[in-house]
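# Fold and geometry: a report
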Amino acid sequence: MSTLTMSKALNEGLRRALEDDPKVLIMGEDVGRLGGVFRVTDGLQKDFGEQRVFNTPLAESGIVGTAVGLALRGYRPVCEIQFDGFVYPAYDQIVSQVAKIHYRSGGLVRLPIVIRIPYGGGIGAVEHHSESPEAYFVHTPGLRVVSCSNPVDAYWMIQQAIRTDDPVIFFEPKSRYWEKEEVDTTGTLADAYPLFASRVVRRAPAGRSAQATLIAYGPTVRTALHAAQVAADEGRELEVIDLRSLSPLDLAPVYDSVRRTGRAIVVHEASRTGGLGAEIASRVTEECFYSLEAPVLRVTGYDIPYPPARLEDEFLPTLDRVLDAVDRSEKW
Amino acid sequence: MLDGQAALGGALDPPTAPASAGHETGEPEFVQLLTPDGKRLTHPEYDVEFTDDELRDLYRDMVVVRRLDAEGTALQRQGELALWASLSGQEAAQVGSGRALRPQDMVFPTYREHGVLYCRGIDPIKPFVLFRGVAHGGIDPNEHKFNMYTIVVGAQTLHATGYAMGVALDGKVGGDDGEAVLAYFGDGASSQGDVNESFVWASVFQAPIVFFCQNNQYAISTPVERQTRRALVHRASGFGFPGVRVDGNDVLACYAVTRRALDEARHGQGPYLIEACTYRMGPHTTSDDPTRYRTASEVETWQGRDPILRLRRHLESRGLADDAFFDEVAADAARQAVELRERVLAMPDPQPMDMFNHVYVEGSPDLEAQREEFARYLAAFASEGPAMAAEQTGGGRHR
Ligand SMILES: Cc1ncc(C[n+]2csc(CCOP(=O)(O)OP(=O)(O)O)c2C)c(N)n1
Ligand SMILES: [Mg+2]
């Protein structure tokens, strides 16, 4: 057991993936000597050499496009996109090439590429450094999309993503990079919690029933847990589910919970319209219609470009907005 | 006078760079009009006669922009800015090119062109609005013919090219009063598809644009050798337009080549590429730690090529300025910095409801509903008063 930040847990996970498979490569802007702007690749170039961990020219389309070729050649590239807002130059390669090549080839070609993207706000950054573009990728068949929310998951999920034979978009909530947790790095991947599965991260204590289900992922998992804690202090229990996998979605635990609580609230930083919350609300309505006491509510970013940093606390789904939604659901 | 062709020597091969076997031997020469020790050179193609006043003004500009920039770094360190991207070391490239502009010319900056902004007569507080997190733009591109900063690396070169195509469509090229466009970008940006596409567009449409690359040797931690095997100036010929390499720490040479390139563009000769060889003396931004990827001795080497010092030496050696002048310039810069600092500290925060403004020209009913929802939410907190007092979250409203 060691206490690791999420950044360090990802670093350890990448290290282990590099050790386990000589075909694993790490490529991206400033991932070498600098160790990436969030230090996720710190020390990896020193230990695994400039052939396997390398700085690319400054061109995201190039990073992903050449990763396709490297994958065709038998490598398992792990691409780092420096910030969420800079993945768009690579969007064409991801959507038109990475997502479709396996399908086009009739299953003959596999592209085991991982595209890591630090995402989300709350760090006081300038424009283009706080976005939540996950829905664009979830909407693209052929891509798998996951997001870790804590150091333990980060350590295992990154290794599992690298082992996956489909392309995986791996979202890392940058506001959680420096959160610490005990991580047991001695286990094996086979015993790790499955990558494409959601997880109930807070239940009502035995003998008490929860009044609502909070559904979150990435940066909002902590917000949801915090809200549940505050609600519990006030005598109300909330269940919290960390989706972990955004495509495919694993909603069985969500349905199970909503059938008990009758209320569901989805929490994400991304803007509301066309976001993950809409998909989840739709599916929960289809599956749990007769159990619902209120419509599925969404606590999300508003439908505006990510605002200047001095307004981000107003934009982001905060603890208060989550509790407000719980109130609204109960009073429905 | 000496001949103004100087070799850049090993300057482009920082000791931290990976060995690059295919790298060209003998980098191309660059235009230099002022040596690091302040000697004035001439150049057969690129030269300008500067009056004594002009030389003193260029000196003052560089001192002021360096001082204002230092205030940016200081304000960030004191928690007053989220970030600052320093221009330190690039004063000559920015002041030289910025002063070469004519009033009708249009500028497309990156996020580091505070010096060009200053030369354009724009209130130097503008970038601070951005880096304090108060607004994203804060600049009216048409008022001073200076576009908003662009953070997405390279994107502005295409905007600049399209703007230049518009200038040509308007028939505003061909004479001394023709308009030219000046697009800034970095050595790192030179790898972006957008930048290469802008070269193609500018070339085939004969757009009146000058691409000004500040090759400051790094894109964050990545040395220029990871972006190119040959000097960046060579890119121009492949795309079919002229290019020139200039000592980016020589304000006179930067002025001369930019003046010439802009004048060719405004007269309808099409695009021009300028590669200004300079050095980013500080970190990439205040978030960066350059000790991880470059050596102190490399930084020291470039300190010896300081753009301000060399002009000062020149002014001194020709008796064009005395201590009283230099003291007065320093005091002027300090006074502007103090004033700027006070205004930054007094800058009002945006109002929460402001974030819903200007998403669309004509509004949207969906967004209007969200604005009202948010207003109700804020009002609920206001009416519930102290019961909602701050407890654990930064937002300060949690019950
Ligand atoms: C498309 C895109 N990718 C990545 C980044 C992150 N980033 C910001 S500045 C920078 C380096 C830019 O280097 P260069 O073009 O040489 O300009 P300099 O910062 O040296 O002035 C990077 C990678 C970005 N802003 N935009
Ligand atoms: Mg650079």
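Scroll up for the structure.
Summarised in this report is the structure supplied together with it. Small disclaimer: the values here were computed from a predicted structure and weren't measured.

Rules and cut-offs
Residues numbered from 1 in each chain as written. Chains lettered and ligands numbered in written order. Predicted model: local features only at pLDDT ≥ 70, side-chain atom pairs only at ≥ 80, totals over all residues. Heavy atoms only, no water. Helix = DSSP H or I, 4+ residues; strand = E, 2+ residues; numbered from the N terminus. Buried < 20%, exposed > 50% of the residue type's maximum accessible area, 1.4 Å probe, protein only. Contact = heavy atoms within 4.5 Å. Donors = N, O, S within 2.8 Å, 3.2 Å for Na, K, Ca; no water. Buried area = accessible area lost by both parts, 1.4 Å probe. Salt bridge = Lys/Arg side-chain N within 4 Å of Asp/Glu carboxyl O. Polar contact = N/O pair within 3.5 Å; in protein donor to acceptor, adjacent residues only side chain to side chain. Nonpolar A, V, L, I, M, F, W, Y, C, P; charged D, E, K, R; others polar.

## Some details on the overall build of chain B
Scanning chain B from N- to C-terminus turns up 12 helices and 11 strands. Every one of the 399 residues in chain B was classed for burial, and the buried ones make up 54%. Sequence-distant contacts, at least 24 apart, represent 75% of the contacts inside chain B between residues at least 6 apart.

## Comments concerning the coordination of the magnesium ion (ligand 2)
Residue and element names in this part refer to chain B. At the metal site, the magnesium ion (ligand 2) is ligated by Asp-187 (OD), Asn-216 (OD1) and Tyr-218 (O), and these contacts range over 2.1 Å. Linear spacing of the donor residues for the magnesium ion (ligand 2) on their chain is D-x28-N-x1-Y. Each member of the pair, Asn-216 as well as Tyr-218, carries the same accessibility label: buried.

## Re the interface of chain A and chain B
Between chain A and chain B, the residue contacts involve 48 residues of the former and 50 residues of the latter. Summed over both sides, the interface between chain A and chain B buries roughly 4,200 Å², with carbon and sulfur atoms accounting for 56% of that surface. Taken as a group, Leu58(A), Arg310(A) and Asp320(A) account for 17% of the area that chain A buries against chain B, more than any other trio of residues on that side. The interface formed by chain A and chain B holds 3 salt bridges in total. Of the charged contacts, one joins Asp42(A) and Arg292(B) as a salt bridge, the two residues approaching to 3.1 Å between their closest N and O atoms. Counting every contact that joins chain A to chain B gives 15 residue pairs in polar contact (both at pLDDT 80 or more). Top element by residues in the side of chain A that touches chain B is helix H12 (residues 319-331) of chain A. It accounts for 6 residues. Here the residues of the side of chain A that touches chain B sort into 21 nonpolar, 9 polar and 18 charged.

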